[in-house]
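Reading the structure
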Amino acid sequence: MASQSTIYEPCRSSSNLIPLIIVVFMFHPISAAASTHISDGLKNDLFPDILKEEAVARIYELGKVSDADSYLERTFLSPGSVRAGNLISTWMADAGLTTWVDGLGNVHGRIEPPNASRKALLIGSHLDTVVDAGMFDGALGIVSAISAIKVLKVTGRLMHLRHPVEVIAFSDEEGVRFQSTFLGSAAIAGVLPVSTLQIADKSGLTVQNVLKENLLDTNEENLSLLKYEPESVLGYVEVHIEQGPVLESVGLPLAVVKGIAGQTRLKVTVRGSQGHAGTVPMSMRHDPLVAAAELIVSLENLCKNPQNFISNEGSDGHCNAFSVKSLSGSLVCTVGEISTWPSASNVIPGHVIFTVDIRTIDDIGREAIIYELSNQMHNICDRRSVSCLMERKHDANAVSCDSGLNSQLKSAAYTALKRMTGEDIGEVPVLMSGAGHDAMAMSHLTKVGMLFVRCRGGISHSPEEHVLEDDVWAAGLAIQAFLETNL
Ligand SMILES: [Zn+2]
């Protein structure tokens, strides 16, 4: 029976196996312990009281602001989120920033130095969390930016910045409450559809209702007023925990982010013949669950070894537009959800639904993978006499970070680490981000740059999430060094 899917022009054949490469590093590993060897003379220049002790204390304080008693949860404009926003606002004011909350609940703090140009440098991250979250996701970026600005204030240099600087704590990045990510940053970037205001949460409250409850009068007519003009913005920078294990494995606290992977979410429905587990002979079954199992294993094989299935050396010109090498280095595919009907131990299922999440930095390569997957699905489902339907539920293109901002962030990270360790740490690593960030939405407004900070075991979206105190310090110092280049 036929399978259906969104078809992309083929990139067929397999040849020239290319080894998988994630990122090229040049570094001399250092450990956090190295930073304990800072000389006393230098230590005074490193502002450990603000960038380490106070910053860490603030992250822990924010980590206690929750809608739940026994775990961390703050969703879009929930009571916990509002309390967190108020707390962040006091820290912004303490750092010398003028604060306000915009019509979508984003918390802003801005400094407008007297002789600054019009274009503002934006630095931000999100104040919302997932359910049973860690305390560093989002918070680290907000706190390190505020702390770095506070250092400029206490050293009397804040008013000497050449550009206005604005810290933004975005109200929604995780998308937990409304299943729609980047509500805050997308509004500022001007890419939030007005229809989003009518999306309802589990209790039936719409985004619009929730805004109204919080005395925010954003509606279909004035949503576009939240959008920043591209001419008024210099760029957007975000510090975020890596949420992966690479920095820990190379023994360094900071990396520059080259880009954020594009993503497609698929829903696959496999329909077979529902029947009695005891009476239908094996040879006469059309079992959709076994077909789904074969599809999932073939997806894993495809994503582990894309070079065996697709090539950019095909005869059609389209295939030259992406690199199998970059695809191989960043491609990850996941089946995270599966359900069977009627889901009973003595029934051959009638149908099976599962999700596929495909991410890579290479957008055209992602399409080639989806095309190949749909081909394999067609063959497997035909052979097993079941019907298969593949639907695209979500697409987001990859985002490349700005090379200019990245080289500034790279030298800022280098300077910070050298000041902390007193050693030349060599090249700062460059990583890809497999997770989405507010920088994705902000890339529609302006050029973006990101720094990643090492987290223990690469664990995130878990209470086990942890960042060393010295790494919080390194992040603050790097943003401070980055801001100093704007003095
Ligand atoms: Zn995050």
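Residues numbered from 1 in each chain as written. Predicted model: local features only at pLDDT ≥ 70, side-chain atom pairs only at ≥ 80, totals over all residues.

Applicable threshold: UniProt positions are given in the numbering used here, feature names are shortened, and annotations may be inferred rather than shown by experiment.
For the chain, the name recorded in an unreviewed UniProt entry is allantoate deiminase, with Mikania micrantha as its organism. Its UniProt record, at the heading Subunit (unreviewed entry), says of the chain: "Homodimer."

**Digging into the nonpolar core**
Applied cut-off: Residues enter a nonpolar core if they are buried, belong to Ala, Val, Leu, Ile, Met, Phe, Trp, Tyr or Cys, and are joined to the set through C-beta atoms within 7 Å. Three exposure classes are used. Buried residues have 20 or more other C-beta atoms within 10 Å of their own C-beta, exposed residues have 12 or fewer, and partly exposed residues fall in between, all C-beta atoms being placed from the backbone. What counts as a contact is two residues whose backbone-derived C-beta atoms lie within 7 Å of each other.
Ranked by size, the top nonpolar core spans 108 residues in total, and within it Ile149, Leu254, Leu451 and Ala478 carry the most contacts. Every residue in contact with Leu451, bar those within four places of it in the chain, is listed here: Val239, Leu254, Val256, Val257, Leu409, Ala413, Ala475 and Ala478. Listed in part, the 31 residues of the second largest apolar core include Leu266, Leu299, Leu327 and Met377.

**Considering the packing of helix H11 (residues 403–421) against helix H13 (residues 469–484)**
Heads up, the rule is: For helices, the fitted line uses only the C-alpha atoms of the stretch in contact; every axis is such a line through C-alpha atoms, and the angle between N-to-C directions lies from 0 to 180 degrees. Runs of E in the DSSP output that reach at least two residues are strands. Runs of H or I that reach at least four are helices, and both are numbered from the N terminus. Put simply, angles under 35 degrees are roughly parallel, angles over 145 are roughly antiparallel, angles from 65 to 115 are roughly perpendicular, and the rest are oblique. In this scheme the crossing of two helices becomes right-handed for a clockwise turn of the near helix relative to the far one and left-handed for an anticlockwise turn of less than a right angle.
For the pair H11 and H13, interaxial distance at closest approach is 8 Å and the crossing angle is 125°. The orientation of H11 relative to H13 falls into the category oblique. As for the relative orientation of H11 and H13, their crossing is right-handed in sense. Along the contact surface, H11 presents Gln408, Leu409, Ala412, Ala413, Thr415, Ala416, Leu417, Arg419 and Met420, while H13 presents Ala474, Leu477, Ala478, Ala481 and Phe482.

**What about unusual backbone geometry?**
In this structure, Pro342 follows Trp341 across a cis peptide bond, with omega equal to 5°. Structurally, Pro342 is set in the loop between strand S11 (338–341) and strand S12 (347–348). Phi is positive for Gln243, close to 65°, though the residue is something other than glycine. Looking at the secondary structure, you find Gln243 in the loop between strand S6 (233–241) and helix H7 (246–250).

**Quick word on helix H8 (residues 288–304)**
Stated formally: In this analysis, the expected span of each helix is defined as 1.5 Å times one less than the number of residues it contains.
Here H8 contains 17 residues, and its C-alpha end-to-end distance of 24 Å stays within 8% of the 24 Å for a straight helix at 1.5 Å per residue. Residues of H8 that are buried in the fold lie against strand S8 (262–271), strand S10 (332–334), S11, strand S13 (351–360) and helix H10 (363–383).

**Re the packing of helix H2 (residues 48–63) against H13**
The following threshold applies: In this count, Pro and Cys sit with the nonpolar residues alongside Ala, Val, Leu, Ile, Met, Phe, Trp and Tyr, while Asp, Glu, Lys and Arg are called charged and the others, Gly among them, polar.
Where H2 meets H13, the axes come as close as 9 Å, and the angle between the chain directions of the two elements is 120°. When the interaxial angle is binned, H2 and H13 end up oblique. The handedness of the crossing between H2 and H13 comes out as right-handed. Together, Pro48, Leu51, Lys52, Ala55, Val56 and Ile59 of H2 and Glu469, Val472, Trp473, Gly476, Leu477 and Gln480 of H13 make up the contact between the two elements. Of the residues that constitute the contact of H2 with H13, the class distribution is 8 nonpolar, 2 polar and 2 charged.

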